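Here is how the chains run, residue by residue.
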Amino acid sequence: MSFLSKVFGGSKPVMAESQFKKFESLKSSPFAAKTAGSGYNMKPDEYYIAGSVELGNTTTKCIISATNLNTSESYLLNKTVNMTRDIRPPKPNEEVFGKTVWGIELSKESVSEMVKDTVLEAAKKAHVDIENDLDFVVRSTGVTAGFATPEESGKLIIALANGCLDAGVSPRKMAPAMSVDNFPDRLKDYTLLDKVMFDGAVVSVLPPQGEEVVSNEMEGELVTAGIKLGAKWTNVDYRNPCVSIDFGSTLAGRVVNNDEPYAHTVGNFLGLAGVIADSLVRGTDKVDKKGGAAIDLYSKDILKKANWKQAKINAEKVHKLIDIRKVPMDRDRFGTVPLKPEAAQKAGTCLIGCDVGENGDKIPDLISLGEELYKNDGLPTLFATMDHVSAMIVKRLLDVAFEEKIIVSGSALGITGRAGITGKKPELILEYTKDKFKDCVFVSDGLALGSAIMARCMNSMGTINAPIGGKQGGPCILGARRKLQQKK
């Protein structure tokens, strides 16, 4: 039996892969084939077209999706990805309000230009008319490393909004509708705005109450929602209680309890994630020492010649540089991410961070180690090492969460992000977490799917027959929400 067979033990990860459709084909099948648990449905299909615009430390994306409002099944129409390192430098008269984790300086104008170009490119490739076809746009960012306070993330969100406006997105498509009359005629029958209002809960989960506790709060909110939507393509009921982990360049995610009708965010993950793999790759002679990323070299065949036994040994060396723990109360930044431990404590939210040294100060050591491992074992084994590293990060994050007793029994685990679902990471994560969760699902493009479902939540466009919110095994919570809002 091969080493991989011994390690993975035959367990197969449940993968929710993004499904693409052409915009022109959305109207070719006028009726939903079948809705979950309700037999055949003769109601004509209607699609909600949403754009997700994200400026990350490594990539800047615009993903345009279409969600079937009868079934909650979501398709990608286009995924345009540009490298954030290619953003133009701020001009002398422009204010630098922050930088990426790799030190790329950002100004309002440079961000807006990058976003505008990315949105226009995505719309063109998707054959979507921004004015007539696009229903809503959600902006988000994983870039928090260069900000002094969580509030400063707001400047980047504004810059993202300006870029969308410059691309022709109407302001009304970036804010919740105030009444049913604000919807186009084709969507008026699909909103529940006359029954229930948007009160801050996204897919039946409330964010930490009070002031913002961590700069990447919105990112954690979106990926949790996105994994819920992506799981609709699988047999996993990824509803409350649940745990989400997003492996972008930086780490995001949540621990969600089983309160009703809205669950609470009792844990937040933050810090460095994909940056760790990128640092190891920068130790090779295959990528630029300043702008290179693991994504530049990854291919499906790269692991075929890997020595997995050596990779695990290497990963243990890497983890000696990685600090994973509950964030101490005396820190205002962990893993480069600004945070407020006092606010988190008041909100009843446990902050769990991943760092390399202190605020990334041992990243140079990580790059040197990557050089050593590459020279000794080659590129395939280095990528296998990165798979083990990511899986071990998941294990250590969850060990802390279990030690803090914030994970509810029966929780489902969801993983998304490039540094969490590529290669053999899903199989390794399953091995490290087996018997600890009711179910585990791996979702591609969780952040974009989260934008699609957040757009619907903000406009009260739930699907009663195929609920995404609520508890595992439970019904739609529209009635419970109405009762709660009537009390207020």
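Definitions and cut-offs
Residues numbered from 1 in each chain as written. Predicted model: local features only at pLDDT ≥ 70, side-chain atom pairs only at ≥ 80, totals over all residues. Heavy atoms only, no water. Helix = DSSP H or I, 4+ residues; strand = E, 2+ residues; numbered from the N terminus. Rg over C-alpha atoms; globule rule 2.2 N^0.38 Å. Buried < 20%, exposed > 50% of the residue type's maximum accessible area, 1.4 Å probe, protein only. Contact = heavy atoms within 4.5 Å. Lys, Arg positive; Asp, Glu negative; His and termini not counted. Charge placed at Lys NZ, Arg CZ, Asp CG, Glu CD. Phe/Tyr/Trp six-rings, centres within 6.5 Å; stacked < 30°, edge-to-face > 60°. Lys NZ or Arg CZ within 6 Å of the ring centre and 35° of its normal. Pairing = 2+ DSSP bridges. Axes fitted to C-alpha atoms, helices over the stretch in contact; angles between N-to-C directions. 1 Å grid on protein atoms, 1.4 Å probe; cavity = no way out; pocket = protein on both sides within 12 Å on 5 of 7 lines; lining within 4 Å. Points joined across faces, edges and corners; volume = space filled by probe spheres on them. Nonpolar A, V, L, I, M, F, W, Y, C, P; charged D, E, K, R; others polar. Salt bridge = Lys/Arg side-chain N within 4 Å of Asp/Glu carboxyl O. Patch = residues over 30% accessible without salt bridge, like charges linked within 9 Å, V, L, I, M, F, W, Y side chains within 5 Å. Areas by Shrake-Rupley, 256 points an atom, 1.4 Å probe, with all protein chains shown as cover. Core = buried A, V, L, I, M, F, W, Y, C linked by side-chain atoms within 4.5 Å. Expected span 1.5 Å × (residues − 1). Arc of directions from axis to C-beta.

Undergrad: Could you give me a rundown of the overall build of the protein, with the residues and numbers involved?
TA: Across its full length, the protein carries 13 helices and 17 strands. Computed over C-alpha atoms, the radius of gyration of the protein comes to 22 Å, within 12% of the 23 Å expected from 2.2 N^0.38 for 488 residues, which places it in the range of a compact globule. In terms of its C-alpha atoms, the protein occupies a principal-axis envelope of roughly 65 × 55 × 50 Å. Taking all 488 residues of the protein together, 59% fall into the buried category. Partitioning the contacts of the protein with sequence separation of at least 6, the portion at a separation of at least 24 is 73%. Between the averaged position of the 63 positive side-chain charges in the protein and that of its 61 negative side-chain charges there is a distance of 4 Å.

Undergrad: Let's hear about the packing of aromatic side chains: which residues, and what values?
TA: Taken as a whole and judged by the stated rule, the model has four aromatic pairs. By way of ring pairs, the aromatic residues Tyr 47, Tyr 75 and Trp 233 are connected into one cluster. Sitting over the face of the ring of Tyr 75, Lys 21 holds its NZ or CZ atom 4.4 Å from the ring centroid. For Arg 282, the ring lying beneath its charged end belongs to Trp 102, and the centroid distance is 3.5 Å.

Undergrad: If you had to explain the environment of Val 223 to someone new, which residues and values would you point to?
TA: Structurally, the position occupied by Val 223 is in helix H4 (residues 217-230). Take Val 223: its relative accessible area is 0%, and that puts it in the buried class. Taking the C-alpha atoms as reference points, Val 223 and Trp 102, 121 residues apart in sequence, are found 23 Å from one another. For Val 223, the residues in contact, after removing those within four places along its chain, are Ser 244, Asp 246, Gly 253, Thr 416, Gly 446 and Leu 447.

Undergrad: Talk me through the sheet that holds strand S7 (residues 136-141); I want residue IDs and the actual numbers.
TA: Strand order in the open sheet formed by four strands is S4-S3-S2-S7, with mixed pairing between adjacent strands. Either end of the sheet is taken by a strand with one partner, and the two such strands are strand S4 (74-83) and S7. Strand-to-strand twist across the sheet, computed as the mean angle between neighbouring axes with direction ignored, equals 15°. Across nine bridges, strand S2 (residues 47-55) lies against strand S3 (residues 59-68) in antiparallel orientation. What sits directly across from Gly 51, in S3, is Ile 64. Helix-sheet contacts for helix H2 (residues 108-126) involve S2, S3 and S4, and the interaxial angle to S4 is about 140°. Helix H12 (residues 446-458) contacts S2, S3, S4 and S7 of the sheet and is inclined by roughly 125° relative to S2.

Undergrad: Explain empty space enclosed by the protein residue by residue, including any values.
TA: Considering all chains together, one arrives at four cavities of 30 Å³ or more under this definition. If you add up the space inside the largest cavity, you get close to 360 Å³. If you trace the largest cavity, you find 24 residues lining it, with Cys 457, Gly 462, Thr 463, Gly 469 and Arg 481 closest to the centre. Those elements giving two or more residues to the lining of the largest cavity turn out to be H12 and helix H13 (478-487). Examining the composition of the lining of the largest cavity, we find that three residues originate from one element, H12, more than from any other. Classifying every residue of the lining of the largest cavity gives 16 nonpolar, six polar and two charged.

Undergrad: Give a description of the pattern of salt bridges that names residues and reports values.
TA: In the structure shown here, the tally under the stated rule is 26 salt bridges. For Asp 135, the salt bridge identified is with Arg 186, shortest N-O distance 2.5 Å. Of this pair, Asp 135 sits in the loop between H2 and S7 while Arg 186 sits in the loop between helix H3 (153-166) and strand S8 (205-206); the two residues are 51 residues apart in sequence, bridging distant segments of the chain. A relative accessible area of 14% means that Asp 135 is categorised as buried.

Undergrad: Please give an account of a negative patch on the surface that cites residues and values.
TA: A surface patch of negative charge is lined by Asp 330, Glu 358, Asp 361 and Asp 365. With respect to the secondary-structure elements, Glu 358 resides in the loop between strand S15 (350-356) and helix H8 (363-377). Its relative accessible area of 47% is what places Glu 358 among the partly exposed residues.

Undergrad: Give a detailed account of the environment of Pro 89, specifying residues and quantitative values.
TA: Within the secondary structure, Pro 89 is located in the loop between S4 and strand S5 (96-99). For the pair formed by Pro 89 and Val 111, sequence separation is 22 residues and the distance between their alpha carbons is 9.7 Å.

Undergrad: Residue-level account of the nonpolar core, with values.
TA: Counting 65 residues, the largest nonpolar core has Ile 245, Phe 269, Ile 276, Val 318, Ile 393, Leu 398 and Ile 415 as the members making the most contacts within it. Counting residues per element, this core draws most heavily on helix H9 (residues 379-403), at 14 residues. When residues no more than four places from it in sequence are discounted, the contact partners of Ile 415 are Ile 227, Ile 245, Phe 247, Val 394, Gly 420, Ile 421, Ile 429, Val 441, Phe 442 and Val 443. The next biggest cluster of nonpolar side chains, apart from the first, holds 38 residues, and it includes Val 203, Val 223, Cys 242 and Ala 263.

Undergrad: Describe H8, naming the residues involved and giving the relevant values.
TA: The α-helix advances 3.6 residues per turn, and as a result positions three or four apart in sequence lie on the same side. Between the first and last C-alpha of H8 there are 21 Å, a value that for 15 residues agrees with the 21 Å anticipated at 1.5 Å per step. Along H8, the residues that are buried comprise Ile 363, Leu 366, Leu 369, Gly 370, Leu 373 and Tyr 374. Buried residues in H8, looked at end-on, bunch into an arc of 135°, giving them a common side. In H8, those exposed residues whose orientation departs by more than 90 degrees from the buried face are Lys 375 and Asn 376. Looking at the buried residues of H8, the elements they touch are strand S11 (263-272), helix H5 (274-281), helix H6 (308-319), S15 and H9. Positive backbone phi, at 90°, marks Gly 378, one or two positions downstream of H8.

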